[in-house]
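Letter by letter, the chains look like this.
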Amino acid sequence: MTFTGFIGHDDAKLALILNAVDSRCGGVLFVGEKGCGKSTLARLYRRLMPAGMPFVNLPLNATEEALWGGVDLERTLAAGRRIEQGGLVNRAAGGILYIDDLNLLSADVMALVFKAQDSLHRTNPFTILASMNPEEGALSSHYLDRFGMCAVWEALRDAGERLAIMRYAVAGEIKALAREADAALRERITLARRNVEAVTVSPALRERITALCLERAVAGHRGDVFLFYAARAFAAFSGASEVTEDHVEKVAPLVLAHRSREIRNPEEDRQEENNKREERQDHQEDRQEAKNAAPETSPERAESQDDTNGEEPDRQAEQTRESRPDEAVFDLGQAFRVRRLAFRKDRRDRSLGGRRTKTGTLGKRGRYVKSLLRPNDDIAIDATLRAAAPFQAARGRRSKVVIHDTDLRFKKREKKMGHLVIFVVDGSGSMGARQRMIETKGAIQSLLVDSYQKRERVALIVFRRDRAEVVLPPTASLTEASRRLKEMPVGGKTPLSAGLLEAWRLIRRTAARTPQTRFLVVVTTDGRANHSLAEMPVREEIQRISALLSDLDAVDYVVIDTEEKGKFTTVDQARQIASSLGADYYTIDGLKSDYLVNIVRDKKKDIYTDQYV
């Protein structure tokens with residue numbers, strides 16, 4: 001198969017061509033489902049590159065030493081002295097570094113790759129070409145922004161295109177024509193490379209580029225820069241001496257698709273506020289009707305209610321809620337795909353499984369990341385041979401490699417582990433006053449699904465009225481957690497300090513039984529704490545309990561702020577609580593995943609209908 005003979009996906013082909021014209025276009029990320037040809041097109045692109053330009057594949061199991069280089073074992077053994085060899089990033093200098101399934105690459109290795117790209121930026125830079133399937137894992141928005149262009153793929157469903165692929169696979173004449181077209185395209189790219197610096201961009205077009213980025217709410221300035229270079233490269237490839245608005249508009253989707261953020265329409269905001277106002281009125285009317293319909297409770301009735309300890313907990317809770325008309329139970333809101341919650345690498349070696357946070361492993365399971373001098377029962381043969389190689393001549397080596405104890409190196413392995421995720425949920429009346437609990441339950445349900453997918457256990461603590469309670473002890477059952485969440489009532493005061501203290505107690509109890517456990521505490525609240533456990537100001541009590549939590553080992557914290565922002569009554573207390581805990585802070589909207597998955601699902605018919613070759 002040839003590059004020009006590749007059927008469909010003209011936007012992806014255009015992105016590759018523009019990077020061949022000018023490497024400052026910033027590289028390309030292919031995003032799409034499996035089996036749609038991302039890797040095939042990337043490898044066909046290699047044939048369009050100038051002779052001698054490197055094209056290096058980065059394997060997912062690459063180590064730090066493989067990236068940066070080290071001892072060339074064969075040459076060192078032959079010469080009897082240490083001879084260094086360059087790593088993958090050095091070999092890619094001035095060419096292409098290709099990474100398949102980028103989102104499955106180790107975060108540490110990914111950081112080193114981009115660090116190497118920055119270090120070679122002025123001397124001999126390389127372009128990163130990568131592919132990913134967003135259904136297999138998210139990619140940090142920081143790394144996403146490093147790519148100049150993003151091409152979204154779908155499997156071809158047009159009968160004509162699929163028939164063309166079949167004809168190409170069996171027709172030798174078509175293949176010959178495609179090879180000729182590839183040769184013509186290479187000449188066209190070579191000419192564009194020579195002329196690209198001479199292409200002019202008017203001040204008006206520069207302003208248009210900036211305006212487009214502002215319209216799409218693009219964060220940072222990489223979008224502006226990459227769009228400039230992409231438009232100029234497209235003009236050069238088209239044979240133009242000046243960039244036009246058509247050139248900018250043509251390449252803008254490739255540069256901005258993965259950077260654009262949704263901007264709310266003011267009219268939509270007003271309509272949403274009207275809907276919420278109507279919901280609040282309906283809720284108040286329902287509460288008033290419930291109060292009017294509720295019978296007065298006599299002392300004898302109250303005493304009989306105290307003797308219901310023998311009833312089933314769920315039934316007792318239901319009867320209690322029926323006798324408290326100021327409480328309400330809200331449905332689960334719309335669930336969504338949660339953004340990747342990343343935490344520091346674990347410093348301990350653990351035997352726990354999971355899919356969230358990196359940790360050292362006990363035994364020989366996990367990915368080999370580097371070699372160590374510290375002895376264990378897992379010898380790193382490659383590192384040991386490299387350590388012994390420079391001394392073979394001095395040791396009188398004849399046929400076999402002579403290894404001394406001082407040469408021995410040992411493997412450092414790592415894998416991912418799960419957490420015990422403790423949800424500390426605000427069930428006070430302020431959460432239900434504006435129907436916020438519906439949306440909050442949807443966010444918690446989304447996090448529960450995320451924890452289930454990462455093979456984690458979860459626990460649920462609810463604080464309201466004057467206390468906090470563990471309504472769900474640690475469990476791996478998503479069904480049970482969802483049921484308890486759905487039935488959770490809302491009403492009363494906000495004893496936030498009680499919720500935090502109950503989390504501290506649960507962590508201490510669990511850590512005593514299973515010391516290897518790592519915890520994630522997710523506090524979901526609007527921050528309007530108004531009830532303390534002791535005779536001290538509420539804020540001071542929260543500060544003291546937060547200090548207790550911060551002193552715990554192997555615990556990460558996330559605070560989800562459910563307060564409605566932008567109102568006159570906004571207090572922003574949840575952000576201060578996050579600061580006290582040293583927690584990651586999110587609003588519910590900020591908790592939502594990067595939108596690449598939705599882009600792939602919602603992508604319409606290709607807008608690139610022109611043939612560039």
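Since the structure is predicted, the reported quantities are computational estimates derived from the model, not experimental observations.

Draft legend 1. Structural context of the sheet that holds strand β19 (residues 584-587). Reading across the sheet, the 6 strands line up as β15-β14-β13-β17-β18-β19 and stay open at both edges, with mixed pairing between neighbours. Taken across any chain shown, the strands that pair with only one partner, and hence form the sheet edges, are β15 (467-475) and β19. Direction aside, the axes of adjacent strands within the sheet are offset by 15° on average. Relative to β15, strand β14 (residues 457-464) runs antiparallel, the two being bridged by 6 bridges. Residue pairing in the sheet places Leu460 in a bridge with Leu472 of β15. Docked against the sheet, helix α20 (residues 496-513) engages β13 (420-426), β14, β15, β17 (519-525) and β18 (555-561), running at close to 150° with respect to β14. Packing of helix α22 (residues 573-581) onto the sheet brings it into contact with β17, β18 and β19, and relative to β18 it is tilted by some 175°.

Draft legend 2. Spatial organisation of the packing of helix α18 (residues 436-453) against helix α19 (residues 478-487). Across the interface, α18 lies against α19 with an axial gap of 10 Å and an inter-helix angle of 170°. The orientation of α18 with respect to α19, classified from their angle, is roughly antiparallel. From α18, Lys441, Ile444, Gln445, Leu448, Val449 and Tyr452 reach across to α19, where they touch Leu478, Ala481, Ser482, Leu485 and Lys486. Its residues placed into classes, the contact of α18 with α19 shows 7 nonpolar, 2 polar and 2 charged.

Draft legend 3. Broad picture of the confidence of the model for the protein chain. Counting all residues, the mean pLDDT for the protein chain is 80, and 79% of those residues have values of 70 or more. Counting contacts from residues 262-270, a segment whose pLDDT is below 50, to residues more than four positions away or on other chains yields 5 contacts. For the stretch residues 294-325, pLDDT sits under 50, and the model shows 15 contacts to residues farther than four places along the chain or on other chains.

Draft legend 4. Summary view of the side chain of Glu456. Tracing the backbone through its elements, the reader meets Glu456 in the loop between α18 and β14. At a separation of 2.9 Å, a polar atom in the side chain of Glu456 contacts the main-chain amide nitrogen of His419. Leaving out residues up to four positions away in the same chain, Glu456 has contacts with Arg356, Gly418, His419, Val421, Ser451, Thr475 and Ala476.

Draft legend 5. Looking closely at the sheet that holds strand β7 (residues 149-153). Taking strand neighbours across the sheet as the criterion, the 5 strands line up as β2-β5-β6-β1-β7 in an open arrangement whose pairing is parallel. At either end of the open sheet lies a strand with only one pairing partner, and these are β2 (55-57) and β7. Each neighbouring strand pair of the sheet contributes to a mean axis angle of 15°, computed without reference to strand direction. Note that strand β1 (residues 28-32) and β7 share 5 bridges and pair parallel. Bridge assignment links Phe30 to a residue of β7, and that residue is Ala151.

Draft legend 6. Just the nonpolar core, in detail. By size, the foremost hydrophobic cluster in this structure holds 56 residues, and its most contacted members are Phe3, Leu18, Phe30, Leu129 and Leu227. When residues in this core are grouped by element, the largest group, 11 residues, is from helix α11 (residues 222-237). Apart from residues lying up to four places away in sequence, Leu227 is in contact with Ile209, Leu212, Val248, Val251, Ala252, Val255 and Leu256.

Draft legend 7. Summary view of the pattern of salt bridges. With the rule as written, the count across this model stands at 24 salt bridges. A salt bridge links Arg528 to Glu563; the nearest nitrogen and oxygen atoms lie 3.0 Å apart. On the criterion of sequence distance, the pair formed by Arg528 in the loop between β17 and α21 (538-550) and Glu563 in the loop between β18 and α22 is long-range, its members being 35 residues apart. A single network of salt bridges, built from pairs that share partners, joins Asp22, Arg24, Glu197 and Arg232.

Draft legend 8. Region of the structure containing the packing of aromatic side chains. Tallied over the full model, the rule gives 7 aromatic pairs. Between Phe30 and Trp153 the ring centres are 5.1 Å apart and the planes differ by 55°, which places this aromatic pair in the tilted class. Linking Phe30 in strand β1 with Trp153 in strand β7, this pair joins segments that are 123 residues apart in sequence. Across this residue pair, the class does not change: Phe30 and Trp153 are buried. Relative to Tyr143, the ring of Phe114 lies with its centre 5.2 Å away and its plane at 15°, an arrangement referred to as stacked. One end of the pair, Phe114, is in helix α6 (residues 107-119); the other, Tyr143, is in helix α7 (residues 141-144), with 29 residues separating them in the sequence. Neither Phe114 nor Tyr143 differs from the other in exposure class; each is buried. Through successive ring pairs, a cluster of aromatic residues spans Phe6, Phe30 and Trp153. Note that Arg188 overlies the ring of Phe237, its terminal NZ or CZ placed 4.0 Å from the centroid. Its end group placed over the ring of Tyr368, Lys411 keeps NZ or CZ at 5.1 Å from the ring centre.

Draft legend 9. The arrangement of α22 in detail. All of the buried residues in α22 are Gln573, Ala574, Ile577, Ala578 and Leu581. Along the axis of α22, the buried positions cluster into a sector of 145°, meaning they face one direction only. Looking at the buried positions of α22, the neighbouring elements they touch are α20, β17, α21, β18 and β19. Taken from the residues just after α22, Gly582 is the one with a positive phi, measuring 65°.

Draft legend 10. Region of the structure containing the pairing of strand β6 (residues 127-132). Among the 6 residues that make up β6, 6 are buried, leaving the element largely enclosed by the rest of the structure. Burial along β6 is two-sided: Thr127, Leu129 and Ser131 and Ile128, Ala130 and Met132, pointing in opposite directions, are all buried. Strand direction decides the pairing type here: strand β5 (residues 96-99) and β6, joined by 4 bridges, are parallel. Residue pairing for β6: Ile96 is matched across the bridge by Thr127. Once you follow β5 into α6 and on to β6, the crossover reads as right-handed.

Draft legend 11. Here's a closer look at the environment of Gly26. Positionally, Gly26 belongs in the loop between α1 (10-21) and β1. Relative accessible area serves as the criterion here: at 14%, Gly26 is assigned to the buried category. When the C-alpha atoms of Gly26 and Leu227 are compared, they prove to be 9.7 Å apart, with 201 residues separating the residues in sequence. With residues up to four places along the chain from it excluded, the contact list for Gly26 reads Asn19, Arg146, Phe147, Gly148 and Phe226.

Rules used in this analysis
Residues numbered from 1 in each chain as written. Predicted model: local features only at pLDDT ≥ 70, side-chain atom pairs only at ≥ 80, totals over all residues. Heavy atoms only, no water. Pairing = 2+ DSSP bridges. Helix = DSSP H or I, 4+ residues; strand = E, 2+ residues; numbered from the N terminus. Axes fitted to C-alpha atoms, helices over the stretch in contact; angles between N-to-C directions. Contact = heavy atoms within 4.5 Å. Parallel < 35°, antiparallel > 145°, perpendicular 65-115°, else oblique. Nonpolar A, V, L, I, M, F, W, Y, C, P; charged D, E, K, R; others polar. pLDDT = per-residue confidence, 0-100. Polar contact = N/O pair within 3.5 Å; in protein donor to acceptor, adjacent residues only side chain to side chain. Core = buried A, V, L, I, M, F, W, Y, C linked by side-chain atoms within 4.5 Å. Buried < 20%, exposed > 50% of the residue type's maximum accessible area, 1.4 Å probe, protein only. Salt bridge = Lys/Arg side-chain N within 4 Å of Asp/Glu carboxyl O. Phe/Tyr/Trp six-rings, centres within 6.5 Å; stacked < 30°, edge-to-face > 60°. Lys NZ or Arg CZ within 6 Å of the ring centre and 35° of its normal. Arc of directions from axis to C-beta. Right-handed = clockwise from strand over helix to strand, strands pointing away.

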